[in-house]
Every structure is written in C-alpha cells, then in structure tokens.
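The primary structure of each chain is shown beneath.
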Amino acid sequence: MSFVVGTAGHIDHGKSTLITALTGIDPDRLAEEKRRGMTIDLGFAHLTLPSGREIGIVDVPGHARFMRNMLAGAHGLDAVLLVVAADEGVMPQTREHLDVIDLLDVQRGLIVVTKADLVDEDWLALVTEEVRATTRGTSLAGSEVIPVSAVTRQGLTELTAALDALLAGASLREDSGRPRLPIDRVFTMSGFGTVVTGTLVDGSFAVGDEMEVMPGGRRVRIRGLQRHNRKVERVGPGNRVAANLSGVEKSELSRGDVLARPGTLRASRRMDASVRVVASAAQQLRHGAELLLHTGSVEVTGRTIVLDADEIAAGKTGWVQLYLERPIAVAAGDRFVLRTPSPPMTIAGGTILDVAPRKHARHDSAVRESLARRAAGDVLQQELRKYPRGVTVQALLKATVAPDAEVQTLKARRLGDWIFSDEAWRSIAGRAGDELAAYHAAYPLRSGMAREELRSRLGVSPASFPVVIEGLVRDGWVVERNGSLAAPEHAVELGESGPQAELLRVLGADPFTPPSLQEAMRQSGAGEELVRALVQRGDIVRVSDDVAFTEGAFDSAVAMVKEIIGVSGSVTVAQLRDRMGASRRPVLALLEYLDAQRVTRRVGDSRLLR
Ligand SMILES: Nc1nc2c(ncn2[C@@H]2O[C@H](COP(=O)(O)OP(=O)(O)O)[C@@H](O)[C@H]2O)c(=O)[nH]1
Ligand SMILES: [Mg+2]
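Below: a short report on this structure. All values derive from a computational prediction rather than experimental measurement.

### Notes on the site of ligand 1
Alright, step 1. Surrounding ligand 1, one finds 15 residues, the nearest of these being Asp12, Lys15, Thr17, Asp117 and Ala150.
Alright, step 2. At 3.2 Å, a backbone N or O of His13 approaches an oxygen atom of ligand 1.
Alright, step 3. Thr17 is positioned with one of its side-chain polar atoms (N or O) 2.5 Å from an oxygen atom of ligand 1.
Alright, step 4. In isolation ligand 1 has 580 Å² of accessible area, and contact with the protein removes 76% of it.
Alright, step 5. Across the shell around ligand 1, the residue classes break down as four nonpolar, seven polar and four charged.

Put into structure tokens, the structure is as follows:
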C-alpha cells in the first residue's frame, strides 16, 4: 500500500519545515536551497503512517518564479497537503497552487494551517474560514483543516492520523500493465551511472526490464531500483522511484522525458483536449494564443486552437487543439495545465483526449461530438474509427494508457493482432464481395482472383491481409480455391459441347502423343482462358508450354512411370517412350514436369522416385 503525497502553497508558509518535522528528512537538498533557506526545485521524502501505509512525499517550491518546478512534481499525486501559514493566510501562490491542484483534479487533500504558534485562537479561526472559502468550488472543497506548528509540534499527530484516514479511502493506483515514469530528475552516481527519478504511474518496473525513453525511443535497461532510499527488485504504481539505467548518458536525458515500456506510448506534437479556464483568470483563453503546456513532468510551448469559439472566458470550458513546438509523450486521459509565458500565470487546464488528431476545421460539429464522446470515456472506440483499414491492437493502445483488457469491450472485429471497428469490417467485407463479383463477371472461366490483387483492391496492408482473408473466409464472404480467392457461389461453368469439349477430344485422340497445345487450341477454337479453366478444373494437365495431356492420359502415364521404377529401380526417357508408345517430345516434357513437381528426381539419364 503506497501513495504519493505532494505539498502546495505559498513561499515561506512552512511546507519544507513541515515535511522535515514529519519525516526527519530535509527536502531542501540543493546547496543553494540550504544557503537561501528556500525551496527552488522539487524535494523528496517518505513516511510510514500509523497504519503502516507508506507514502512518498513531493515537496514543491512556493515561489512564483519556480512554478514550473512545482508543476513538474504535481502530477500523479494521490493526495495533497495545501499549506497556509496562520500569520499570513491565503496568498497568491496559495491560490495558484490550488488552481493547479484543481485543474489536475487531485481529489484528496488536507489543509494544513502552519505556524499556529504565532497566532491566537481567534486569528486561527479567521484564517481557517478564509481557506475554507478559498477552496470552495475546487477539488479540495470541504477538506479537513488542521492547525499545526513545527516549533511546538502541535497538530502533527492529528495530521498523520488525518492523512492515514484520507488515504484509507483512496483506491490504489491502477496497474494497467503500462508503466510510465515522467522523469523529474536526472543525475549520475559514482559506481551506478545514470539515475532518474519520478512518480511512477499506470504499471510496475522491475530490475532488468527493457524500457524506452520517450520521445525519441532510446532503449535503456533498468539496472537497479530504489524506493524510499531502499533497494527493491520491483516497484508498482503510486510510488516515488529512482531507477538506475544502463545504455544512456545523463546528458541524453532530461526532465519531461518519459520512461515507458517499448512501443506503448506515442510522441505527439498535436493533440485534442477539453479545457477549463480558471475562474479567476485575468484573461480569457484566446484562439491562437501561445501558451506553456505542463503535463506529467514536461513543459513545452504550444499554440492553442480554440475549436468551437474565438475564445473561452474565465470559468468556462471548451475544446481545443494544441500544436506544440516539439513532440512529447502523452496519452489520452492525461491532465495538463496551461500557463501564459508573460506575465507568467496559470490560465487553464484540462484533459488530453486525442494524441494523434488531424487538423480540424473549426466550428465542426462532428469534431465536437467525437471529442465529447472521448471526454465521456469512449476514447478507444473513437480512436478505432480513425482506422478504416484496421490497426494493430498495440498501435491502438498507444492512444491511451487503458489496460489491454479494455480492447475486449470494444464493438469491433478482432483478428489476431489486428482490430477493425464493426463499421470498417463491414466495409472491407462488402468491398471484397463487390470486387470478387465484378471479377467473376469479367473472367467467368477463372476460378478466382489472385490474393495480391484482392489485397491491393481492398487497400489493406500486407501485414493485415492474412488475417483479413481469414476473417472473410470465416464470415463466408470468400473461399480460397486453387490458391486464388473467389466468392463462395462462384463456379466455373464449362458446357458439354463447344470448344472445351473439342479441345479434350483433340488432345485425347492419340492420348500419349497429343498435338502441340497450340495446334490443339487452333483446331478446337479454345482460347488461353479456357485452357486455364480446364487446367484448374483438372480436366487437362499442362506439363509444358506446348504439351498438355488429358487427365486420364496423364494419370496413366504417371502410373507407368511408377511401375517401371518399381520393377527396374529407375526410368529413362527411352524406357517410358517405349512403354507409352509415344514420341519423345511429350515424354520428355512429362518427365521434366514430374521432376519439377518433385515426384521424380533426375540422376544422369534416369529418374528415381522421390
Ligand atoms: N514559528 C514557526 N515558524 C515556522 C514554522 N514552520 C516554518 N517556519 C519558518 O518559516 C520559514 C519558512 O519555512 P519553509 O519551510 O522554508 O517554508 P516553505 O517555503 O513553505 O517551504 C522558515 O524560517 C521556518 O523556520 C512553524 O510552525 N512555526
Ligand atoms: Mg520549501
């Protein structure tokens, strides 16, 4: 049972001091932080609560100038401690951090009123009321308020008990089998090499796992893992994790990169999202605005295309497409925050809905409807609609961090590693039926269409074609005959009279010494098409370009070959010619055909059976 808890609140309100008082660990680890007595970057600690529940702690800087660091630590939190100093009350970054917590939808929190030793009861009551009012309408509304003092240690026991109770109601982080570690720190340790840290979500890491650094896709291996400063072999979601990586230098990694299982995450520059503009925002979210996007531990500049309006007013929601300066690794469902670069302010936030959208026309109701369905949780089904020719399950899942099992719930046709929306599958099957019907009408004497030809007419990829055919056969749209594809009802109709009957008569007149096939065709008026149909049906056997036997003659000749070999151990052209009473030309062609068919094997002038 493990959770990650973050701090939030204005500078100098006692966040870091509180964490030290609770854990004995000073989260201000940088020399500059110690010298200035001020948190600059994220700090980390850990604590075992009275119940035995273990928590990792992320301590954030409160200074407005270091908001970007605060944001890098604010994702993946199970709960937050909103810290407000009793002597100062609610201050600008109290509000801004609260906005961030609210936009990231952190639902569990405690309001910790610190420095209670500095004020009297009446003042404390006023501050308590002020904080309650401030959190109203946010995800922390109604959170318990706990006065504490790091100096007198008043309230610390109550605080750990309250945190324990709060987390008792929290479900463990879902392990969807698709771990992601948004990296918030990279350093080298002598004897270890490259180490990254972060808050692990969505899955587990184990020592020895091969991982991928996204974006970029660099392969690395997890050489060692630490959780709360202790070596572990394996660690699950909802943990602060340090991972020692092999195969990568420190200089090749940075905050914002994501460590994930190979092939499970997509790097994207364009994404669709729902947004909400914070109620107190000094400006609306304007179409075309250049903003800073924060999600996971990454910060990136991007342009905001407002899809269904020219601007989104403070307190309102809308649909946007974000176009980023560079690709980042995200998944549908991820929360994000948008800030204006100058003056630096948190203005909006929301949920990523599509990590690989097309450019949309603005004010398009179909786009709006599709986004609304995604926002309602229907991401995979919507994603599947993008692939009219099917998609591999793995590629589909890259759109989200949904567990693989969610694929089973889709209205779709699953064939091997491939998946087709019901609509796509109906269209492919209908098209196959139409193409085959047209082909049979054009070539009634052919038993069917070559596989490759049907593939290109359907426009499906070579990779998916085998499963597509398998599915079409199973559904009764297609049959496979003589290596070609046909509609089940198709049969080659050869009449009892006419050129085909004539050809068989001409070839069968002197069955072992038939005229050349070209001569027989000329005499009977049969064309290539008809010859092919007769071959496919097995009425004639074409042993070379210009020699064909009737079925009966061929079968007899093969029997003779086997008989001679049975008696003499082998057969020569002369032996067979004498036995068949035929001329040399068809006999030679027959034997070469049998060699090619691997019935016989040539050794010198003789043939043996294979
Ligand atoms: N009197 C009193 N001072 C405190 C208390 N907690 C923190 N401080 C002081 O407040 C200042 C800022 O604390 P710090 O933890 O760095 O604040 P942060 O910026 O929120 O992390 C430091 O000088 C602390 O000693 C407290 O409970 N009582
Ligand atoms: Mg601090």
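### Things to note about the layout of surface pockets
Alright, step 1. Approximately 1100 Å³ is the volume found for the largest pocket.
Alright, step 2. Forming the boundary of the largest pocket are 37 residues, of which Arg173, Asp202, Gly333, Asp334 and Arg335 lie nearest the centre.
Alright, step 3. For the lining of the largest pocket, the secondary structure elements donating two or more residues are strand E7 (180-189) and strand E21 (317-330).
Alright, step 4. Size it by volume and the second largest pocket reaches roughly 580 Å³.
Alright, step 5. The wall of the second largest pocket is formed by 26 residues, among which Arg185, Thr197, Gln226, Asn229 and Ala242 lie closest to the centre.
Alright, step 6. Put simply, the parts of the chain that give the lining of the second largest pocket at least two residues each are strand E2 (43-48), E7, strand E8 (193-200), strand E11 (218-227) and strand E14 (239-246).
Alright, step 7. Per-element tally for the lining of the second largest pocket: the top contributor is E14, with five residues.

### Let's talk about the coordination of the magnesium ion (ligand 2)
Alright, step 1. On the protein side, the magnesium ion (ligand 2) has Ser16 (OG) and Thr39 (OG1) as donor atoms, found 2.0 to 2.1 Å from it. You can see Ser16 sitting in helix H1 (residues 15-23) and its partner Thr39 sitting in the loop between helix H2 (31-36) and E2, a full 23 residues away along the chain. In this structure, Ser16 and Thr39 share a single accessibility class: buried.

### Observations regarding helix H13 (residues 499-509)
Alright, step 1. Of all the residues in H13, the buried ones are Gln500, Leu503, Val506 and Leu507. Down the axis of H13, the buried set is contained in an arc of 125°. They therefore lie on one face. Facing away from the buried side of H13 by over 90 degrees, the exposed positions are Arg505 and Ala509.
Alright, step 2. Here the buried face of H13 lies against helix H14 (517-524), helix H15 (528-537), strand E30 (540-542) and strand E31 (548-550).

### Quick look at the pairing of strand E19 (residues 298-306)
Alright, step 1. Here six bridges tie strand E18 (residues 290-295) to E19, and the two strands are oriented antiparallel to one another. If you follow Leu292 over to E19, its bridge partner there is Thr301.
Alright, step 2. In textbook terms, the turn of a hairpin is the stretch between consecutive antiparallel strands, and for E18 and E19 this stretch comprises two residues, one of which, Gly296, has a positive phi near 55°.
Alright, step 3. As paired elements, E19 and E21 share five bridges and run antiparallel to each other.

### Details of the sheet that holds strand E27 (residues 449-450)
Alright, step 1. Across the sheet, which stays open at both edges, the three strands sit in the order E27-E29-E28 with antiparallel pairing between neighbours. Single-partner strands in this sheet number two, and they are E27 and strand E28 (479-481).
Alright, step 2. Bridging between E28 and strand E29 (residues 484-486) involves three bridges; their strand directions are antiparallel. Its bridge partner lying in E29, Glu480 is registered against Leu485.
Alright, step 3. Against the sheet, helix H10 (residues 422-442) touches E27 and E29, its axis set at about 100° to E29.

### Considering the packing of aromatic side chains
Alright, step 1. Here the structure, examined in full by the defined rule, presents four aromatic pairs.
Alright, step 2. Between Trp418 and Phe420 the ring centres are 6.5 Å apart and the planes differ by 25°, which places this aromatic pair in the stacked class. By the burial criterion, Trp418 is buried, and Phe420 matches it.
Alright, step 3. Three or more aromatic residues joined by ring pairs make a cluster, and in this case those are Trp418, Phe420 and Trp425.
Alright, step 4. A cation over an aromatic ring shows up here: Arg446 above the ring of Tyr443, its NZ or CZ 4.0 Å from the ring centre.

### Overview of empty space enclosed by the protein
Alright, step 1. Within this structure, the stated rule accounts for three cavities of 30 Å³ or more.
Alright, step 2. One number sums up the size of the largest cavity: a volume of about 50 Å³.
Alright, step 3. In terms of lining, the largest cavity is formed by Leu307, Asp308, Trp319, Ala361, His363, Asp364, Val367 and Arg368.
Alright, step 4. Here the residues of the lining of the largest cavity sort into four nonpolar, one polar and three charged.
Alright, step 5. One number sums up the size of the second largest cavity: a volume of about 40 Å³.
Alright, step 6. Taken together, Leu71, His75, Leu104, His294, Thr295, Gly296, Arg335 and Val337 make up the full set of residues lining the second largest cavity.
Alright, step 7. Contributing elements (two or more residues each) for the lining of the second largest cavity: E18 and strand E22 (335-340).
Alright, step 8. Of the residues assigned to the lining of the second largest cavity, the class counts are three nonpolar, four polar and one charged.

### Topic: the side chain of Asp595
Alright, step 1. If you trace the backbone, Asp595 turns up in helix H18 (residues 584-596).
Alright, step 2. Asp595 sits in the buried class, given a relative accessible area of 18%.
Alright, step 3. Reaching out from Asp595, the side chain makes a polar contact with the side chain of Arg607 at a distance of 2.8 Å.
Alright, step 4. Each residue touching Asp595, except ones within four places of it in the same chain, is listed here: Thr600, Arg601, Arg602 and Arg607.

Definitions and cut-offs
- Residues numbered from 1 in each chain as written.
- Chains lettered and ligands numbered in written order.
- Predicted model: local features only at pLDDT ≥ 70, side-chain atom pairs only at ≥ 80, totals over all residues.
- Heavy atoms only, no water.
- Near = heavy atom within 4 Å.
- Polar contact = N/O pair within 3.5 Å; in protein donor to acceptor, adjacent residues only side chain to side chain.
- Areas by Shrake-Rupley, 256 points an atom, 1.4 Å probe, with all protein chains shown as cover.
- Nonpolar A, V, L, I, M, F, W, Y, C, P; charged D, E, K, R; others polar.
- 1 Å grid on protein atoms, 1.4 Å probe; cavity = no way out; pocket = protein on both sides within 12 Å on 5 of 7 lines; lining within 4 Å.
- Points joined across faces, edges and corners; volume = space filled by probe spheres on them.
- Helix = DSSP H or I, 4+ residues; strand = E, 2+ residues; numbered from the N terminus.
- Donors = N, O, S within 2.8 Å, 3.2 Å for Na, K, Ca; no water.
- Buried < 20%, exposed > 50% of the residue type's maximum accessible area, 1.4 Å probe, protein only.
- Arc of directions from axis to C-beta.
- Contact = heavy atoms within 4.5 Å.
- Pairing = 2+ DSSP bridges.
- Axes fitted to C-alpha atoms, helices over the stretch in contact; angles between N-to-C directions.
- Phe/Tyr/Trp six-rings, centres within 6.5 Å; stacked < 30°, edge-to-face > 60°.
- Lys NZ or Arg CZ within 6 Å of the ring centre and 35° of its normal.

That's the geometry; what it means functionally is another story.
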